[in-house]
Amino acid sequence: MIIQAEHVFVEYGTSVVLKDIQFQVNKGDYLNIIGPNGSGKTTLIKILTNLQKPTQGKMTIAPVVFGYLPQHLNQSAKLPATVYEVLKLSNAKRPSNEAIDTLLKEMEMFDLKYHPMQRLSGGEQQRVYIIRALLSNPDVLILDEPTSALDPNFRQFFYSYIEKLNDQGMTIIHVTHDLSDGLRHGSKILELDQEVKFFGTFEQYQLLGHKKGGHHHHV
Ligand SMILES: Nc1ncnc2c1ncn2[C@@H]1O[C@H](COP(=O)(O)OP(=O)(O)OP(=O)(O)O)[C@@H](O)[C@H]1O
């Protein structure tokens, strides 16, 4: 067991953002967190990454390494640092140059290694942050809307890459608006709208009449 939420509430003054949340994540799970704007997804991720505490209830988190790919690109994208500097220096683990080069090649970014971040496109910057998250070799990888700036080809490549990591035992937590992305057999779904609307496998979710890709919310 990596994460266990028991009756978790988050309240801001009188407004209840998360209500009686219960779910658990086991090692090797692929969990998709879905729900409309304002449904509490980001708040839940903040609790998982220890940036926020529940108002009530208990969130138990195993002492494992979390990697986090945030929804919004970091402002460091405006700094004159190069791709290499961002990967090497902004990573607590100080990854080896070999590990950096391998991932740069896999993500088709090697030619841009010494380019300043501020001159990369949005999708290229997003790839750099993907590589940075992977370089920390996390036990649990949290992806918050990771593909918003990625073109369809790279998006497909990205998800098959993530599936491979999941096959090797990495736990994946994927926040998304679009269920057509990143879904695979055996993956689980946590549907939020203040409270848990659904928690179970993708197959169970389909049995309830939900279709792949049919879960559209305004972004
Ligand atoms: N610091 C805060 N103070 C008061 N209300 C907050 C605060 N942070 C978030 N909220 C409210 O909590 C609710 C849930 O926000 P949250 O960011 O978790 O939603 P979300 O599901 O991630 O939405 P989106 O899909 O738009 O990213 C929103 O109504 C938001 O206005």
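Rules and cut-offs
Residues numbered from 1 in each chain as written. Predicted model: local features only at pLDDT ≥ 70, side-chain atom pairs only at ≥ 80, totals over all residues. Heavy atoms only, no water. Helix = DSSP H or I, 4+ residues; strand = E, 2+ residues; numbered from the N terminus. Buried < 20%, exposed > 50% of the residue type's maximum accessible area, 1.4 Å probe, protein only. Contact = heavy atoms within 4.5 Å. Areas by Shrake-Rupley, 256 points an atom, 1.4 Å probe, with all protein chains shown as cover. Lys, Arg positive; Asp, Glu negative; His and termini not counted. Charge placed at Lys NZ, Arg CZ, Asp CG, Glu CD. Expected span 1.5 Å × (residues − 1). Arc of directions from axis to C-beta. Polar contact = N/O pair within 3.5 Å; in protein donor to acceptor, adjacent residues only side chain to side chain. Near = heavy atom within 4 Å. Nonpolar A, V, L, I, M, F, W, Y, C, P; charged D, E, K, R; others polar. Pairing = 2+ DSSP bridges. Axes fitted to C-alpha atoms, helices over the stretch in contact; angles between N-to-C directions.

Student: A description of the overall build of the chain should follow, citing residues and the corresponding values.
Tutor: Across its full length, the chain holds six helices and nine strands. Structurally, the chain occupies a C-alpha span of about 50 × 35 × 30 Å along its principal axes. Buried positions account for 50% of the 219 residues belonging to the chain. Look at the contacts in the chain between residues 6 or more apart in sequence, and 68% of them connect residues 24 or more apart. Element-wise, carbon and sulfur atoms account for 51% of the exposed surface of the chain, whose accessible area totals about 11000 Å². Averaging the positions of the 22 positive and the 23 negative side-chain charges in the chain gives two centres separated by 4 Å.

Student: Before we move on, can you summarise helix H5 (residues 152-167) with the specific residues and values?
Tutor: Taking 1.5 Å per residue as the helical rise, H5 with its 16 residues ought to reach 22 Å, and the 23 Å between its terminal C-alpha atoms agrees with that figure. Restricting attention to buried positions, one finds in H5 the residues Phe 154, Phe 158, Tyr 159, Tyr 161, Ile 162, Leu 165 and Asn 166. Each buried residue of H5 lies within a common arc of 160° when the element is viewed along its axis, so the set occupies one face. Opposite its buried face, H5 presents the exposed residues Pro 152, Asn 153, Gln 156 and Asp 167, each directed more than 90 degrees away. Its buried side turned inward, H5 meets strand S3 (30-34), helix H3 (97-106), helix H4 (122-135), strand S6 (140-144) and strand S7 (171-175). Looking at where H5 begins, the residue whose side-chain oxygen comes 3.2 Å from the main-chain nitrogen of Asn 153 is Asp 151. Two residues or fewer past H5, Gly 169 is found with a positive phi of approximately 110°.

Student: Can you tell me about unusual backbone geometry, naming the residues and giving the values?
Tutor: Notably, His 7 is not glycine yet its phi reads approximately 50°, a positive angle. Mapped onto the elements, His 7 comes out in strand S1 (residues 3-12). Note on His 7: relative accessible area 42%, which makes it partly exposed. For Gln 194, which is not glycine, the phi torsion reads 70° and is therefore positive.

Student: Pulling in residues and values, what's your account of the site of the ligand?
Tutor: The immediate surroundings of the ligand are formed by Tyr 12, Val 17, Pro 36, Asn 37, Gly 38, Ser 39, Gly 40, Lys 41, Thr 42, Thr 43, Gln 71 and His 177. Within the contact set of the ligand, an oxygen atom lies 2.8 Å away from a backbone nitrogen or oxygen of Gly 38. The protein chains hide 58% of the 650 Å² of surface that the ligand would expose on its own. Examining the composition of the shell around the ligand, we find that three residues originate from one element, helix H1 (residues 41-48), more than from any other. Taken together, the residues that form the shell around the ligand break down as three nonpolar, eight polar and one charged.

Student: Give me the lowdown on the sheet that holds strand S4 (residues 56-61), citing residues and values where you can.
Tutor: Spatial strand order, S2-S1-S4: three strands in an open sheet with antiparallel pairing. Of all the strands in the sheet, just strand S2 (15-25) and S4 have a single pairing partner and so form its edges. Averaged over all pairs of adjacent strands, the angle between strand axes in this sheet comes to 25°, irrespective of strand direction. Two elements, S1 and S2, share seven bridges in a ladder whose sense is antiparallel.

In short, shape yes, function no, at least from these values alone.
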